[in-house]
Amino acid sequence: MAHQLYIQPISTVSGPQVVQGDALRLAGSMVYAREFAVIVRDDGVVVSREIVTKDRMADVLGALPDALAADGAGQWAALGKVHAPLVLEERTLRLDQPQVMGILNVTPDSFSDGGAFMDDPETMREQAASMHEAGAGIIDIGGESTRPGAGAVWEGDEIKRVVPAIEACVAMGAVVSVDTRRPAVMQAALEAGAQIINDVSALRHDPRSVELVAEAGVPVILMHAPGPSTEKAEDLHKDGDYAHAALDVFDWLKAARDRAVAGGIAQDRIILDPGIGFGKSLADNLLILNHLPLYHALGQPLLLGASRKRMIGALSNEAGAHERLGGSVALAGLGMDAGAHVVRVHDVAETLQARNVWRGLRDAALTDFGSLPM
């Protein structure tokens, strides 16, 4: 395997003015990165790691072999890339502050709210309305549980579950994404008014998905999951064996993005998700979360979905799924601090309150010039 390069932002500042401009606005977000680790690994093993700031980056990259230097230049440009808003027919979703995606599961066996919104349409509409009115930028609707051990769902049943929910949310004026890996469900969801595809298999489950998404021209979320995803291999949680989870996920997402682009999907319509909890141990999840800013070097908007995940219970005396609000908001805050463009959550109002306070702190920091030398 050839040497591989990674540029990991490792420290941030409240604004560029506090370090005389020696900081990079990270992926068009409200986060400013000060120091970066330039990492090289060979055959899965890290062989060098140098800490540099923005002003020294060109010199450090220029000293590398040509292939690594070219890759590094691309990653460095990606880290500073300002992502354009997502244009969704009449709606526009800005990415210059974290957007909150609300989760609406219409399944009987979701780990968090299984059955609550599938069998009672009125309860489902009330939940959707509460998220939309609270300010969710997107409502993500799924008709198949992807928790470990969950059984596969026939696409006809999945369509029957998600289409009424999508139609109800669209009628409210919400931006809707559909959480599915089946092209027939994607097509039915788009016809019902969904504007974004969220595929936990990163379009691997069925090769027809790539062509469908490319033709539709809609944004697509590609999530990392280590297990094979074909119609005969359903378990996305299998084969979670990593040399370095954060760097391996980076490589995997890069390959997933490149496959999508090769299949005709516009690169500016691709969002990446590191897949917290999918085929990853607690240690793997923590490593990935602590490396989140790294994934901006792939040049795509970043989504973090860690709400109510099992890792929160593992760190909190095995708290149940409905007792993980504090941990969920903490992880959403971590995502914001890492420049994540979208956080996918169950508790929309609470996360939006945290986001708004976070935004206020960021705005104030950018207008604070008291730390500049006189």
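The following paragraphs examine the structure supplied in this document. These figures come from a predicted structure and were not determined experimentally. (Residues numbered from 1 in each chain as written. Predicted model: local features only at pLDDT ≥ 70, side-chain atom pairs only at ≥ 80, totals over all residues. Heavy atoms only, no water.)

Concerning the pattern of salt bridges
Phase 1 of the analysis: This structure, assessed with the given rule, holds 17 salt bridges.
Phase 2 of the analysis: As a salt-bridge pair, Arg56 and Glu50 come within 3.4 Å of each other at their nearest N and O atoms.
Phase 3 of the analysis: Owing to a relative accessible area of 38%, Arg56 belongs among the partly exposed residues under this scheme.
Phase 4 of the analysis: Between Asp71 and Lys254 there is a salt bridge whose closest N-O contact spans 4.0 Å. In this pair, Asp71 is assigned in helix H2 (residues 66-79) and Lys254 in helix H7 (residues 245-262), connecting sequence segments 183 residues apart.
Phase 5 of the analysis: Classification of Asp71 as partly exposed rests on a relative accessible area of 25%.
Phase 6 of the analysis: One salt-bridge network, held together by shared partners, links Glu144, Glu158, Arg181 and Arg182. (Salt bridge = Lys/Arg side-chain N within 4 Å of Asp/Glu carboxyl O. Buried < 20%, exposed > 50% of the residue type's maximum accessible area, 1.4 Å probe, protein only. Helix = DSSP H or I, 4+ residues; strand = E, 2+ residues; numbered from the N terminus.)

Some remarks on the layout of surface pockets
Any empty space left between the atoms is revealed when a probe the size of a water molecule rolls over them.
Phase 1 of the analysis: Roughly 180 Å³ of volume is contained in the second largest pocket.
Phase 2 of the analysis: Gln8, Pro9, Ile10, Ser11, Thr12, Leu289, Asn290, Pro293, Leu334, Asp337, Ala338 and Arg362 together form the lining of the second largest pocket.
Phase 3 of the analysis: For the lining of the second largest pocket, the element with the most residues is strand S1 (residues 4-13), which contributes five residues. (1 Å grid on protein atoms, 1.4 Å probe; cavity = no way out; pocket = protein on both sides within 12 Å on 5 of 7 lines; lining within 4 Å. Points joined across faces, edges and corners; volume = space filled by probe spheres on them.)

Quick notes on the sheet that holds strand S11 (residues 220-223)
Phase 1 of the analysis: Spatially, S12-S11-S10-S9-S8-S7-S14-S13 is the arrangement adopted by the eight strands of the open sheet, whose pairing is parallel. Strand pairing shows two members of the sheet lacking a second neighbour, strand S12 (270-273) and strand S13 (303-304), which therefore form its edges.
Phase 2 of the analysis: Across five bridges, strand S7 (residues 99-105) lies against strand S8 (residues 138-142) in parallel orientation. Its bridge partner lying in S8, Gly102 is registered against Ile139. (Pairing = 2+ DSSP bridges.)

Re the packing of H7 against helix H8 (residues 282-290)
Phase 1 of the analysis: Their axes nearest at 8 Å, the elements H7 and H8 cross at an angle of 70°. On the basis of their axis angle, the class for H7 and H8 is roughly perpendicular. Taken together, the residues of H8 that come into contact with H7 (itself represented by Ala245, Ala246 and Val249) are Asp284, Leu287 and Ile288.
Phase 2 of the analysis: Of the residues contributing to the contact of H7 with H8, the split by class is five nonpolar, no polar and one charged. (Axes fitted to C-alpha atoms, helices over the stretch in contact; angles between N-to-C directions. Parallel < 35°, antiparallel > 145°, perpendicular 65-115°, else oblique. Contact = heavy atoms within 4.5 Å. Nonpolar A, V, L, I, M, F, W, Y, C, P; charged D, E, K, R; others polar.)

A look at the nonpolar core
Phase 1 of the analysis: Within the largest apolar cluster, 91 residues are counted, with the highest numbers of intra-cluster contacts made by Phe36, Leu104, Ile141, Ile166, Leu222 and Tyr295.
Phase 2 of the analysis: Of the residues forming this core, the biggest block, nine residues, is contributed by H7.
Phase 3 of the analysis: Leu88, Leu95, Ile271 and Leu303 belong to the second largest nonpolar core, which has 12 residues in total. (Core = buried A, V, L, I, M, F, W, Y, C linked by side-chain atoms within 4.5 Å.)

Remarks on the pairing of strand S10 (residues 196-199)
Phase 1 of the analysis: Here S10 shows a buried face lined by Ile196 and Asn198 and a second buried face lined by Ile197 and Asp199.
Phase 2 of the analysis: Pairing between strand S9 (residues 176-179) and S10: three bridges, direction parallel. Residue Ser177 lies in a different strand from S10, and its bridge partner there is Ile196.
Phase 3 of the analysis: Alignment of S10 against S11, held across three bridges, turns out to be parallel. Bridge pairing in S11 links Asp199 to Leu222.
Phase 4 of the analysis: Regarding topology, helix H6 (residues 208-216) serves as the crossover connection from S10 to the parallel S11, and that connection is right-handed. (Right-handed = clockwise from strand over helix to strand, strands pointing away.)

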